[in-house]
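These are the residues of each chain, in order.
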Amino acid sequence: MWGSPGLLLTLALHPALAVAPARDYCVLGAGPAGLQMAYFLQRAGRDYTVLERAPGPGSFFARYPRHRKLISINKRYTGRSNAEFNLRHDWNSLLSHDPRLLFKHYSAAYFPDAGDMQRYLGDFAGRLGLRVQYNTTVLHVALDKDRRAWNGHYFVLTDHKGRVYRCRVLLVATGLSVPNRVDFPGSEHLEGYESVSVDPEDFVGQNVLILGRGNAAFETAENILGVTNFIHMLSRSRVRLSWATHYVGDLRAINNGLLDTYQLKSLDGLLESDLTDLAILKDREGKFHVTLKFFVEEAGTNQSADAVTLPQDDSDNFAMRVAYDRVIRCLGWNFDFSIFNESLRLSSGSEFSRKYPLIRASYEAKGSRGLFVLGTASHSVDYRKSAGGFIHGFRYTVRAVHRLLEQRHHGVAWPATQHPITQLTSSVLRRVNEASGLYQMFGVLADVILVQENATAFEYLEEFPTQMLAQLESLTGRRARHGLFVVHMEYGRNFSGPEKDVFFYDRSVGHTEDAWQSNFLHPVIYYYRHLPTEQEVRFRPAQWPLPRPTAIHHIVEDFLTDWTAPVGHVLPLRRFLENCLGTDLRSFYAESCFLFALTRQKLPPFCRQGYLRKQGLASTESLRRHGVESGLMQDHAAAGQHLRDRGQQPGDRRPV
Amino acid sequence: MMCSSFRVFRVGISFVTMCIFYKSAANSLPELSPHEYFSTLQPGKASLAYFCQADSPSTSVFLEGLHEAVRPLQDYGISVAKVNCIKEETSRYCGKDKDLMKAYLFRGNILLREFPTDTLFDENAIVAHVLFALLFNEVKYITTPEDLQSAENALKGKANIVFSYVRAIGTPEHRAVMEAAFVYGTTCQFVLTTEIALLESIGSEEIEYAHLYFFHCKPVLDLTQECRRILMEQPLTTLNIDLFIKTMNAPLLTEVAEDPQHVSTVHFQLGLPLVFIVSQQATYEADKRTAEWVAWRLLGKAGVLLLLRDSLEANIPQHANVVFKRAEKGVPVEFLVLHDVDSIISHVENNVHIEEKQEDGEDDVEGPDIDIQDDEVAETVYRDRKRQLPLELTVELTEETFNATVMASDSLVLFYAGWQAVSMAFLQSYIDVAAKLKGTSTMLLTRINCADWTDVCTKQNVTEFPVVKMYKEGENPVSYAGMLGTEDLLKFIQLNRISYPVNITSIQEAEQYLHGELYKDLLSYSSVSVLGLFSPTMITAKEDFIEAGRALKGYVITGVYSGEDVLILSNKYAVTLPALLLARHKEGRIESIPLANTHAHDIVQLITDASLETFPEITVENLPSYLRLQKPLLMLFSDGSINPQHEKAVLTMVEQKHLDSLTPCWLNLKNTPVGRGILKAYFDTLPPLPLLVVVNLHSGGRVFAFPSDQAITEQNLLSWLKKLEAGLENPITVLPAQDWKPPLPAYDFLSMMDAATLQHPTRKAPECLKDPDVPESVKEHHEDKSAVEREPTETLRIKRWNRSSWFKYAEESLRRDKEL
């Protein structure tokens, strides 16, 4: 849940270009995202190095979060043994083949201690033998144009000792490391989250004003709630509760003690105002007063604090008329753009996402080819939507980036499994019931099923970034010429939002025909007859995560997130797949296939791909009896006498 | 006296009123005396007269019917009269008894028929009977299938037949048929029956209702060919029959070169859709043939036209090859791209089907429910879910135990998924195998549920279910590729007790092997044993064979011998090395097959083909092996064991190479009861067994039946097959060639979502918290505040101008936020 450490803002002079041997991959930062990428590069046998400023991995966690409690859940028990499924509820582990490197072995706490995370990351790097160069502070990154290089240029990195690294691909996993500051008169009186005391003793009997409304602000408040006179919390926007927005970065219930005391009128309170309009005045006793910026400006520069007009001078019931002992700034973090040369064109400039570098949905920087941003710093792709800014989300996007790189530079196509079409329903079911990447990175990563010619077989690709769908063929090295399905997960369209009541009556949908109105996270399958174009992806209808499909299917939300009910989940899914492909995907016992083989010129796919290849499915006595009772199968042994019923049984299975 | 005179008076009155009544209806039913009546009869004109006593009741059920029938009969030029038998004029038609009055049909003054009044029970009966009597030559009444056959034969090449079955003479359907016969009797031969058996013989179902067929006999020039029979699917009414016959007589194919939107043919006027096959100069001949074939198939269902694109001005999409014009007026035509005749047919049939559904769908039960399971495997597994399986007979593996277990002993692993029906169906068979092998096998039967241990399954390269793999020490795991059933899996396990191929060490052992003495207990699992013979120097050939043997591991017993003295064997079995010896244990025969430069893959094929029998009993399990040969099946259906004489006849023919182009086989209904389903599809009613058919699965799906009145002997079979080959036999049925389309539609969520967006922007979730109690002013402020958020600079400027009022505002705004 926390970004990796940033780099110092120091700017060193570029040393003479010593021609260093080029590396294929350089990873900046040995936080969770950097280590995750190192793992995939190592497994693929690639030439890579990780450069880390600190003497060990995950140094961010040495100090942050300040109150040491991670709010990413460490769910050690789910009642299931399926390792993939369990990752849906494990927000701390990185992906690896080693089951010992699961975070549940490192902490028993549901909300674990940050120290355990650092220890975990140390083990992850150590046990897997990841190649990390510690104590290396990269001070400057520039481009060296070279047409022979993979991307038309090398990335030239210079560290604090003047050593130069030439890299073909640069993977930036430096997190968000620069505290966000707001400049207004009196902002010099603020204490920052990064340095404020965490000892409640220091706050006894004080009036505290906290600026900010994120988890850091609430975490800080939570720590001192019991010892202060009161805490006021001021921010520009109203509080966003993660249970209402379904975004894990919003205020989590674990931190919301202040909401409780505020609503129960225990002196604490929340206020909304634009911080840039404010000013903080320090009076002679060292207490702080809130006033407006233009009062300060009006009063002129040389006025003493006591001479400036306060709001309560005019409006005597002004809410913040009380004097504060401390004002604490908890306004979040920004990406450190300072080490990147302008030629990399990394900075966004956009007002909205100033804190993040500008990247595409493939996590490649818009400004320079071959530079990828990983981890917390890559969160602009799904900010306030999905989990891409947190370990349990970016561990999957890092894998997606690695797969893209494998295809681009090593000709290794995106991994895919081939199956006969009869396995289609099962393949989808398997993934929607266990896939953790789809579940954590809902709306961002999706499985793609490429239908092969004549719809007799398909290729299954996992966790492809949906926004890159139009470029699927070039990014994956696979062909999508005969239609495709996109499987991902969604919340209901109008369900999430800071102002939404997510506990309203009738919030859950149970009937399969209402599945499209499901509110909670549920699988949605899009069918496209042709691969959407870039235009179609970009100009898709509002609120649609993907372009308008040829057909769409929602698997009705499930309280247990177990989508295996034969009639409630599987049957409607099969019908959808069948109707998209224009074929019959039912399964049949060998006896039925035998009958079809001798009474029809064509056989259903299940018989063609199984029975005709001598792999028919035999029935057993008990199953046959149920079949006859259900009317789906005929009792031929006793059929001599009523031959005229033909065609009238409910289970009549003529092809249509 | 008073009384009687009063009565006379009353009769008089009633008589007057009746006269008035009859006057008004005079042109419908004249009342005449016998003399008057006979004087009106004209030569050649038909007339129906009801003779009644003058004092008979003037109203009766019969008279009512007669009144009704006057108009329709007049339409056919038949006059109707009521003749009052008065005392003065005696007529032989005036019966003695009041109750024995009859109606008489005359042509001119010749009596054609007399009808007891009870046969003419209503209008329909009167019209039907009269026309039936008059159209004696045009409508042939028959009672046996032979009659029908001879009528058909007599008319082949001459005229078409309208054959109908009605439940009884005098019914409304009978009348409808007669009225049609009156119109079409000169151009078609009408044949009528009331015998159900007759209808059954031509394969109709649902015989409660009347049926009408059109037999296309006119185009049939070859007497051995049958007339194409088209069933009229609508109810038998005069109008429907008229339309039906018109369509049948319409030209099969019309060529047009105008906008399909404006084309109308008799079919269209009759309420049938039109199918245009789009053609162009270059492909005209081929298109025409296709169109004719389509037309022939769609006879009575749609009109078919050939649309010449080249001479057409209207715009037809470039790729469209079929244009479909629905029967409904004003519906735009559809341009379609259909790649074969079957898809054209099914398109038409599906669309017609929908119309029918819509017509009578209102009060009917809804169509099949898409929420009802129609997958037999899923449904049966679900219904069986509560039965406890003896799962303990197999070892359940987990991530922790998997590797240790499969390394420790020879194991079979079933990879399955608990939520997948096919897996769970097979699990039952798997447990059965475990039960059968209990305590007798060294093979450990294990299973792993991939729904729980997905990583283990992925590591074993299992991503689909179910999969069975065999793990043996020192060998790569082998995937089982046989049928997912108890028998075949058991066979696989048993046959895996030996190595593949078996290394034979001496001539003596080789002989034992070939005679089935070496692996006596395995003979029931492998019908043949194969021995590869190589001289010690034939290293490559031997390696190829060994590879083939491995590929057949668990399916066919293979052995290899390459001793120095191998020539003894090759001489004995008269074969040059390298060679295969194939021992058919059941038949006690040993065949030899030379192997020259044969690759492993081809050897596998060779052995697989060679292990097929010449005249096998077809079962559910072995059919696929024989279908691979891609030949028509010559199949004998037998209720029990095969008659040895029949078997001999077929085997002799096989030996004489008469059956090389066929796969001869037989089916025992006792062992394979599903064979009944097959017969039902071929014959509708189960014919007496045994029965021989030729099923041409791979080309056209035609099924021919050996005549049941002939004995199954070599000669008869041979001459029948010759006729078949010469195309002189007609198929008893043609197997449907439809594709397997989705059995039912899916929920159309896309349209539901569209509809919701159009009607109402809100969804099931409330858009936002709308609190009716919030006063209007507060709401306004709320909106103002959002404006503040959006444009802070401008708001600030306003603030400067009016400080004090802004404070109030800011205060209120802050206070309000507190309230939130």
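Residues numbered from 1 in each chain as written. Chains lettered and ligands numbered in written order. Predicted model: local features only at pLDDT ≥ 70, side-chain atom pairs only at ≥ 80, totals over all residues. Heavy atoms only, no water.

- Taking an unreviewed UniProt entry as the reference, chain A is identified by name as FAD-dependent oxidoreductase domain-containing protein 2 belonging to Oryctolagus cuniculus.
- UniProt, in its Function (unreviewed entry) section for chain A, records the words "Probable flavoprotein which may function in endoplasmic reticulum associated degradation (ERAD). May bind non-native proteins in the endoplasmic reticulum and target them to the ubiquitination machinery for subsequent degradation."
- Recorded in UniProt for chain A, the comment headed Subunit (unreviewed entry) runs: "Interacts with SEL1L. May interact with OS9 and DNAJC10. Interacts with TXNDC16." (UniProt positions renumbered as here; feature names shortened; annotations may be inferred.)

**Structural notes on the overall build of chain B**
Thought 1: When its secondary structure is counted, chain B shows 28 helices and 30 strands.
Thought 2: In chain B, which comprises 820 residues, the proportion classed as buried is 48%.
Thought 3: Long-range contacts, defined as pairs at least 24 residues apart, comprise 72% of the intrachain contacts of chain B with a sequence gap of at least 6.
Thought 4: Carbon and sulfur atoms form 53% of the exposed surface of chain B, whose accessible area is close to 41,900 Å². (Helix = DSSP H or I, 4+ residues; strand = E, 2+ residues; numbered from the N terminus. Buried < 20%, exposed > 50% of the residue type's maximum accessible area, 1.4 Å probe, protein only. Contact = heavy atoms within 4.5 Å. Areas by Shrake-Rupley, 256 points an atom, 1.4 Å probe, with all protein chains shown as cover.)

**Re the interface of chain A and chain B**
Thought 1: Between chain A and chain B, the contact holds 118 residues from the first and 115 residues from the second.
Thought 2: For the chain A and chain B pair, buried surface summed over both sides reaches about 10,800 Å², with 59% attributable to carbon and sulfur atoms.
Thought 3: Run the count over chain A and chain B and you get five salt bridges.
Thought 4: As a salt-bridge pair, B:Asp754 and A:Arg548 come within 2.7 Å of each other at their nearest N and O atoms.
Thought 5: Across the chain A-chain B interface, the total number found is 41 residue pairs in polar contact (both at pLDDT 80 or more).
Thought 6: For the side of chain A that touches chain B, the leading source of residues is helix H16 (residues 590–599) of chain A, giving nine residues. (Buried area = accessible area lost by both parts, 1.4 Å probe. Salt bridge = Lys/Arg side-chain N within 4 Å of Asp/Glu carboxyl O. Polar contact = N/O pair within 3.5 Å; in protein donor to acceptor, adjacent residues only side chain to side chain.)

**Considering the nonpolar core**
Thought 1: A:Leu28, A:Leu130, A:Leu157, A:Leu170, A:Leu171 and A:Phe340 are the most contacted members of the largest nonpolar core, which totals 137 residues.
Thought 2: Residues in contact with A:Leu130, not counting those within four places in the same chain, are A:Leu35, A:Ala38, A:Tyr39, A:Gln42, A:Tyr48, A:Phe124 and A:Ala125.
Thought 3: The next biggest cluster of nonpolar side chains, apart from the first, holds 69 residues, and it includes B:Leu412, B:Val422, B:Leu437 and B:Cys665. (Core = buried A, V, L, I, M, F, W, Y, C linked by side-chain atoms within 4.5 Å.)

**Points about the pairing of strand E10 (residues 230–235) of chain A**
All names here are of chain A.
Thought 1: For E10, a buried count of six out of six residues is recorded, marking the element as mostly surrounded by other parts of the structure.
Thought 2: The side-chain alternation of E10 yields two buried faces, one formed by Phe230, His232 and Leu234 and the other by Ile231, Met233 and Ser235.
Thought 3: Here five bridges tie strand E9 (residues 207–211) to E10, and the two strands are oriented parallel to one another. Each residue of the ladder has a partner; that of asparagine 207, found in E10, is phenylalanine 230.
Thought 4: In this fold, the crossover linking E9 to E10 by way of helix H5 (residues 215–224) has right-handed handedness.
Thought 5: Where E10 meets strand E11 (residues 269–272), four bridges bridge the pair, whose relative direction is parallel. Its bridge partner lying in E11, leucine 234 is registered against leucine 271. (Pairing = 2+ DSSP bridges. Right-handed = clockwise from strand over helix to strand, strands pointing away.)

**Here's the deal with the state of the cysteines**
Thought 1: Here the structure, examined in full by the defined rule, presents four disulfides over all chains.
Thought 2: Sulfur-sulfur distance for the disulfide between B:Cys450 and B:Cys457 comes to 2.0 Å. In this structure, the disulfide formed by B:Cys450 and B:Cys457 twists by about -90° around the S-S bond and is classed as left-handed. A single burial state applies to B:Cys450 and to B:Cys457, both of which are buried.
Thought 3: Disulfide connectivity for chain A, with bonded cysteines indexed by sequence position, reads 1-2, 3-4.
Thought 4: In this model B:Cys665 remains outside any disulfide bridge; the closest cysteine sulfur is found in A:Cys593, 18 Å from its own.
Thought 5: The buried category is assigned to B:Cys665, whose relative accessible area is 0%. (Disulfide = S-S within 2.5 Å.)

**Some details on the domain arrangement of chain A**
Thought 1: In terms of domains, chain A is made up of domain 1 (23–177 + 334–405), domain 2 (191–329), domain 3 (414–581) and domain 4 (590–630).
Thought 2: One C-alpha centre belongs to domain 2 of chain A, the other to domain 4 of chain A, and the line joining them spans 72 Å. (Domains from an automatic or database assignment.)

**As for the packing of helix H12 (residues 376–383) of chain B against helix H14 (residues 421–437) of chain B**
All names here are of chain B.
Thought 1: Relative to each other, H12 and H14 sit at 60°, their axes nearing to 9 Å. By the angle class used here, H12 and H14 are oblique. Note on packing geometry: the crossing formed by H12 with H14 is left-handed. Note on element contacts: H14 touches H12 through Ala421, Val422, Met424 and Ala425, opposite Val377, Ala378 and Val381.
Thought 2: Across the contact of H12 with H14, the residue classes tally to seven nonpolar, no polar and no charged. (Axes fitted to C-alpha atoms, helices over the stretch in contact; angles between N-to-C directions. Parallel < 35°, antiparallel > 145°, perpendicular 65-115°, else oblique. Left-handed = near helix turned anticlockwise from the far one by under 90°. Nonpolar A, V, L, I, M, F, W, Y, C, P; charged D, E, K, R; others polar.)

**Concerning the pattern of salt bridges**
Residues and elements named next belong to chain A.
Thought 1: Applying the stated criterion across every chain, the model contains 53 salt bridges over all chains.
Thought 2: In this structure, the salt-bridge partner of arginine 100 is aspartate 98, at a minimum N-O distance of 2.9 Å.
Thought 3: Here aspartate 447 ties to arginine 431 by a salt bridge, and the two come within 2.5 Å at their closest N and O atoms. Linking aspartate 447 in strand E18 (residues 445–451) with arginine 431 in helix H11 (residues 424–434), this pair joins segments that are 16 residues apart in sequence.
Thought 4: Judged by its relative accessible area of 0%, aspartate 447 falls in the buried class.
Thought 5: When salt bridges with common partners are traced through the structure, they connect Arg399, Arg431, Asp447, Glu462 and Glu463 into a single cluster.

**Regarding the packing of aromatic side chains**
Residue and element names in this part refer to chain A.
Thought 1: For the structure shown, the criterion picks out 55 aromatic pairs over all chains.
Thought 2: Seen from their ring centres, tryptophan 414 and phenylalanine 464 are 5.3 Å apart, and the 65° between their planes marks the pair as edge-to-face. Highlighted residues: tryptophan 414 in the loop between helix H10 (391–410) and strand E17 (416–420) and phenylalanine 464 in strand E19 (residues 457–465), separated in sequence by 50 residues.
Thought 3: For phenylalanine 464, a relative accessible area of 0% corresponds to the buried category.
Thought 4: Plain terms: the ring middles of phenylalanine 495 and phenylalanine 504 are 6.5 Å apart, the flat faces sit at 70° to each other, and that makes the pair edge-to-face.
Thought 5: Taking NZ or CZ as reference, arginine 168 lies 5.7 Å from the ring centre of tryptophan 150, over its face.
Thought 6: The aromatic ring of tryptophan 544 is capped on one face by arginine 493, whose charged end is 4.4 Å from the ring centroid. (Phe/Tyr/Trp six-rings, centres within 6.5 Å; stacked < 30°, edge-to-face > 60°. Lys NZ or Arg CZ within 6 Å of the ring centre and 35° of its normal.)

**Here's the deal with the environment of A:His410**
All names here are of chain A.
Thought 1: Note that histidine 410 resides in helix H10.
Thought 2: Residue histidine 410 is classed as partly exposed on the basis of its relative accessible area, which comes to 24%.
Thought 3: Here tyrosine 25 takes part through its side chain, which lies 2.8 Å from a polar atom of the side chain of histidine 410.

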